[in-house]
Each structure stands twice: as C-alpha cells, then as structure tokens.
Amino acid sequence: MNSYARFFENLQQDLKAFIYWCLVFTVFRIAFIAIYNGQLNGDYSDIPMALLLGLRLSLKTAGMIALIGFVFATLPKLIVKNWPADKLRFCWHAVALVFFAVCFMTRIPYYKIFNAAFNMMLINGAHDDIYAIFVTAVKEYQLLWRFPLAMVLGIALAYGLRIWLHKLPAKSFVEVQHKKLVIALTLPVLAVLCVFVRYGGAFNYAHSINWESAARLKSNLLNEAILDDGQALYRVRDMKRKIDKVTNINITVAQLREKIAASGGNKAADSIDKAFIHTVKQPKLAKQPRNIVLIVGESFGNWPFLPKYKDLGLVDNMLSLQNSADAAHVATMLPHGSGTISAVNGLVSGIPDMGLYENYQANSFNGKYATGIGYIMKQLGYKTVFWYGGFSGWQNIGKFTKAQSFDEFHCADEFSDDSGNAWGCSDAALFKQIEAYMSKEKEQEKVFHVVLTTTNHPPYSIDVDGMGFPRAKVKSKLPADIASDEKTLTELGHIWYADKTMGDFVKQAQSMYSDTLFVITGDHSERFSFAKEQDTRTLSSIPCIFYGAGVQQAWFNDKSVGDHMQLAGTLAEIVGPAGFTYAALQANMFENQDVVFNHRLYAADGKIYTHSSDTDKKITEYINSMRGVGAWRVLKGDAVK
C-alpha cells in the first residue's frame, strides 16, 4: 500500500506538470499569432480552430515531456522510498522550460526569415558560416537581448511551475475514499489517457493529428502556429529521415537500373552519366558567344516581377531585359532548395537536392560530375570561372567548385570593400572585379562566368538610400500585402540594389563584348516576409532570364517550367554544336518536360505544386527514383555495378 500511495501522489504531480505544459504551449501559440497577426489580413475566424488543433498536437509534446519526468522521478519512487522524485521532476521540467523558451524566442525571427517554424534549414545551418550567422543574429535579429530574455522567460516559467506543483499539493492517498476502486481503475484510466494523448486528442490513427496532417487551415501563419516547437523540431527530424530513406543506396544494381528507367534514363548503360546522355540537334545560337555570364542573385525571387508588384519598381532593370526582343524567360522556375548552398550544389553537380550536401561528400573531390555546369561548359571549350561575393571558406565552396571543373574561383577574400559585411563584399564591388577581369581577357578566349551575389541578405547593411533607392515612392505604392515599416522598406531597397547592380553590370559587360550571353536567376526565394498570405508561386519561384544577341522570345512560353539542374543542359542546347553530347539527369528546358522538381515542390504545365503524400503516384515515383539515382551517384560514384 505504501508503494502505491507514493505512486498515486507522484502521478498527480506528473499530471499537473502535463497540464502546465499544455498551457505554456497555448500561451506561446497565442503570442506567436499575435506577433504576426498582420498576415491574417483581418480574418481571425480560424484562430480558435488553430488553437484547438494546436492544443491537440501539443498533447503529444507535453505528454512526452511528462513521461520522461514520470520515468525518472515517479517510477523509481516505487522502489526507493527516499528517492528525490520532486527535485528530479522539477529539475527536468525546469531545464525543458528554459529550452522551449529559447526555442520560442528563436522561432520569432526564424519565421520572419523562412516563413516557417523550424524546418530543414536547421540542417543546412550546421554547415553554414557560424561567425556570419552570429553577426547577423546580433545585428539583424537582436540576439543580445533575445537570448537573455529567453533565459528570463524560461526561469519565470520554471518558477510558475514550482508554484503550480507546490501551492496545489497532491492529494494524499490516505484521504482517498474507496481506495480499492481507485487502485483498480488507475492503470486502465492511465492507459486510456496515454492513448488519447498519443493520438492527439483521439483514440485511433484515423482521427489523430500529427505535423503532416496539422496544416488544415488556409493561413500559413496559423498552420505553422499549430506546431509547437517540439513538433516543429520533430518535423525536421522526420523530414531528414524520409530523405535518408529515399536516398538509401543499400539497393542492388538491378534495383538501381529500375530507378534509372523510372527517371527516364537508359537502364542498360554501364554508368549513370551515360544513362542520361542527350545530344544537341541544332544549336539555338548560330555562333558561340565569347562570354557567357550566369548571375545567381542572392534571395532574388520572382515575386517583384509579377503583375501585382512590378509597379513598385524594384526590378526595373531585369524586367527591361526580360521584355527585350533579345530575351527569353522561363515563367515557372523552381530554385534547387531553400538555401544558397542548395543552388550551388544543383548547378555545380546537376544532382537533385536530397540533403546530402555534395559540397562535403568525398566523391565530389575524387571525380567530376558530368552533369555539372562547369564540366559541360569546359567540354564546350569555355574557360570556367566562379565568382562569389562571400568568403571561400563558406560551405567549402572554393574547394568544391574548383574540384568540379571550374578553372578559377574568386571571392571576397581577394577584394577590398568597406561597404561589405560579415557575409562578404557588396554586389557593386563584386561586379567591378568581374568587369576588370573581362577587360583583360585574351583574344579568342571563351569564358563562362558564374556569379553568386551576397548583398540582398541580412543584415541589409548597404546604404541603398544614398545610392538612389526611392524609398518614399516605393512606400506610396505598397499594396496591403507588404508592411510599410522602415525595416521592410530597407529590405525592399536591397532587392532594388541587387537589380541595379546587375543592370549596371550587364550594360558594362555588353559594351565590352556585344555578343555576351547573360542568364539571370536567383538562388532561392521564400525569405521575404509578406504581411498577407501568398500563394506558392509568389513565395517560392525565381526568375530565369536569357538575354543576348540571337536570343528569341519564342524559346519559351507561359507554360514553360524549369529548375537549376536544367541550366547546364539548356546552355548546351543554346551554344553547343550539332551532335554535341552531354549528361543531364533532367532534360533541358527546351524539351517537353512533364515535371520538374526541387526539395519540396514540383512544377508542370506552368503550375507549381507541393510534393506530398497526396501527389500522383507516377510523379512521386519519378521524383523518388531520380533522388535515388542521384544518391547513388553522389555516395557510390558513377559506375552501375
């Protein structure tokens, strides 16, 4: 009886802690919605449902936290009478409360950057420039006061829990009437409660809720608010595990050949590169241009080009190029991923984004990816030069690009620029260096340049007003979708600055070499925070403009789709001689593509969709097969044996 009495009294403390956690997560959820309520555009009707769904989902998180306290505090108390259950329970919950307070304070700026609670960018961040992230967090996202405030919040919540547990003491078993009945019902009731918590306020999987099924509302903000930080972190873990499963290379050669076939390749080939060979039938340009420049703009999304926003004048230079008679553009272009290094990997390797980070894989330094843009352009007789506005140590980019067929790599390490920041030099300084390089090129030398910019990125330190950004004019034209505060306007000013520097460079380079072919795209979108919910095209698509003598508008139409992996093959089709062969896992943008895809989206017939469990099975098989082939290529090499 004494053992059960201890169990009964400690179980009450665990249940009270569980209830306290549910309240904490609800308060966090309300605060998060309140902070970003402008995105609801005055429609608050779904907030009660978001809170209900969030509470149901948080039953799981709160239950897991309480279970750990139960295992290490309550259960040992059954055996060891003097076990310090109360102290251990409180210490565990106090540590957890501080952790989740830090998570909540981190979620606020994280959502502003990525329009999501914690996602796969956390994995990418582990490989990023930690110093630059730290400086940006201090300057742009108030780390110096957010972190101490998070600690204070965590301690305050822990103090609240202490009051909750001790000012409302557990009912002694001695005071209980009908003791035998209570003992008999304890385990069955506890089992039912566990099932109810496990399924998020339901008793079976069919009626349960989890992070995948939680997005049931029309607002992205509310869908993200439904996830508490524990569930958001679980989403990261679950997505990583799913990627690992898709990219599993513990398969037979026969299975690999089936994946090659499902991806549109020749399953009889003895190598992956040979399985995806394409042949240029007729080049799009009659003569190869002396210079080809591929500009990959930092956070250069497609949304400022769209009819709703183009009158803001943020991308007038690139719009002018796009509408030129000497230009063609892909209306629906997907970035390779949600981060800059994803774009680099997609271009340099030509391999689908699978979270494998080719820039760190051994095979990326032991051989060449024939599908990579540097490799293909070298086969076409071009000297290959990679320009980066950041530093060579970031994400191993210097070593990676030089290992993958780039003859030269130049970055901010080499440039003197007072207007730069922790991420590198200004775009103007970068383009000035490229112009100087081009002016010294040898006659008859063909050069392919890849330019990766950095300035349109926090901490947004460029003096855009001093360079002519029409702040007041832009503010007067802002739609309700975009906040009109000065911080947002400064961010818009950096988009304007990126467009201005690109435009100035294109004019200067073209004055030196009139036959230069320019390709303008972005590394990713999804970083700009709108004040109102937007569709996937607005949030995620990037521009893709081909500009130069001989380029024809009719190359693409409104239903054309593309992605970063296709740029290498597309350039081969533009400047490669008839009969030139190249390897590409995905066909070029000129060929009729049913589907192009990236880390989470796919596009077809001019429309963008989210890849989910509801996606057509044929499309899912194609995407997963392509990723499987890519994983084999990265981790095991080219040979099919």
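Only a predicted model underlies this, so the values are computations on that prediction, with no experimental measurement involved.

**Student:** What exactly am I supposed to notice about the packing of helix H10 (residues 253–262) against helix H22 (residues 617–635) here?
**Tutor:** Axes are the key here: two packed helices are described by the angle between their axes and the distance separating the axes. Relative orientation of the contacting elements H10 and H22 amounts to 125 degrees, with a least axis distance of 8 Å. Between H10 and H22, the angle falls in the class oblique. Viewed along their axes, H10 and H22 form a crossing whose handedness is left-handed. Residues Leu-256, Lys-259, Ile-260 and Ala-262 of H10 touch H22, and the partners they reach there are Glu-621, Tyr-622, Ser-625, Gly-628, Val-629 and Trp-632. Here the residues of the contact of H10 with H22 sort into six nonpolar, two polar and two charged.

**Student:** Just to check I follow, could you spell out a nonpolar patch on the surface for this structure?
**Tutor:** Residues Met-64, Leu-67, Val-71, Phe-72 and Leu-75 make up a contiguous nonpolar surface patch of roughly 450 Å² in combined accessible area. Within the element layout of this structure, Met-64 appears in helix H2 (residues 47–79). For Met-64, a relative accessible area of 48% corresponds to the partly exposed category.

**Student:** Just checking my understanding: could you explain the packing of aromatic side chains for this structure?
**Tutor:** Two numbers describe a pair of aromatic rings. These are the distance of the centres and the angle of the planes. All chains considered together, the criterion is met by 35 aromatic pairs. Ring plane angle 45 degrees and centroid distance 6.1 Å describe the contact between Tyr-20 and Trp-164, whose orientation is recorded as tilted. With a gap of 144 residues between them, Tyr-20 in helix H1 (residues 2–35) and Trp-164 in helix H6 (residues 143–166) connect regions that are remote in the sequence. Judged by centre distance (5.4 Å) and plane angle (35 degrees), the rings of Trp-21 and Phe-25 are tilted. Separated by four residues within a single helix, Trp-21 and Phe-25 lie in helix H1, roughly one turn from each other. Given the relative accessible area of 0%, Trp-21 is considered buried. These aromatic residues form a ring-pair network of at least three members: Tyr-4, Phe-7, Phe-8 and Phe-70. Its guanidinium or amino end placed over the ring of Phe-90, Arg-162 lies 5.2 Å from that ring's centre, counting from NZ or CZ. Taking NZ or CZ as reference, Lys-636 lies 4.4 Å from the ring centre of Trp-632, over its face.

Cut-offs applied
- Residues take numbers from 1 onward in each chain, read along the sequence in its written order.
- Where local features are concerned, this predicted model is filtered to residues with pLDDT of at least 70; where side-chain atom pairs are given and counted, the filter is 80 or more; whole-chain, interface and lining totals use all residues.
- Computation of side-chain values covers all heavy atoms of the structure but excludes hydrogens and water.
- For helices, the fitted axis covers only the stretch in contact; all axes are lines through C-alpha atoms, and the angles between them, taken along N-to-C directions, range from 0 to 180 degrees.
- Comment: elements are numbered from the N terminus, with helices defined as DSSP H or I runs of at least four residues and strands as E runs of at least two.
- Should an angle lie under 35 degrees it is considered roughly parallel, over 145 roughly antiparallel, and from 65 to 115 roughly perpendicular; all remaining angles are considered oblique.
- In this scheme the handedness of a crossing depends on how the near helix is turned from the far one: anticlockwise by less than a right angle means left-handed, clockwise means right-handed.
- Here, residues are in contact when the closest pair of their heavy atoms is within 4.5 Å.
- When residues are sorted by character, Ala, Val, Leu, Ile, Met, Phe, Trp, Tyr, Cys and Pro go into the nonpolar class, Asp, Glu, Lys and Arg into the charged class, and all the rest, Gly among them, into the polar class.
- Excluding any residue in a salt bridge, patches collect residues exceeding 30% relative accessible area, merging like charges within 9 Å and nonpolar Val, Leu, Ile, Met, Phe, Trp and Tyr side chains within 5 Å.
- Each accessible area is a Shrake-Rupley estimate made with a 1.4 Å probe; only the visible protein chains count as cover when residues are assessed.
- Any Lys or Arg side-chain nitrogen located within 4 Å of an Asp or Glu carboxyl oxygen qualifies as a salt bridge.
- Buried, partly exposed and exposed residues are distinguished by accessible area as a fraction of the type maximum, computed with a 1.4 Å probe on protein chains only: under 20%, between the cut-offs, and over 50%, respectively.
- Each pair of aromatic rings taken from Phe, Tyr and Trp, with Trp reduced to its six-membered ring, is defined by centres within 6.5 Å and is described as stacked if the planes are under 30 degrees apart, edge-to-face if over 60, and tilted in the remaining cases.
- Placement of a positive charge over a ring is assigned whenever Lys NZ or Arg CZ falls within 6 Å of the ring centre and within 35 degrees of the normal to the ring plane.

Keep in mind these values describe shape, not function.
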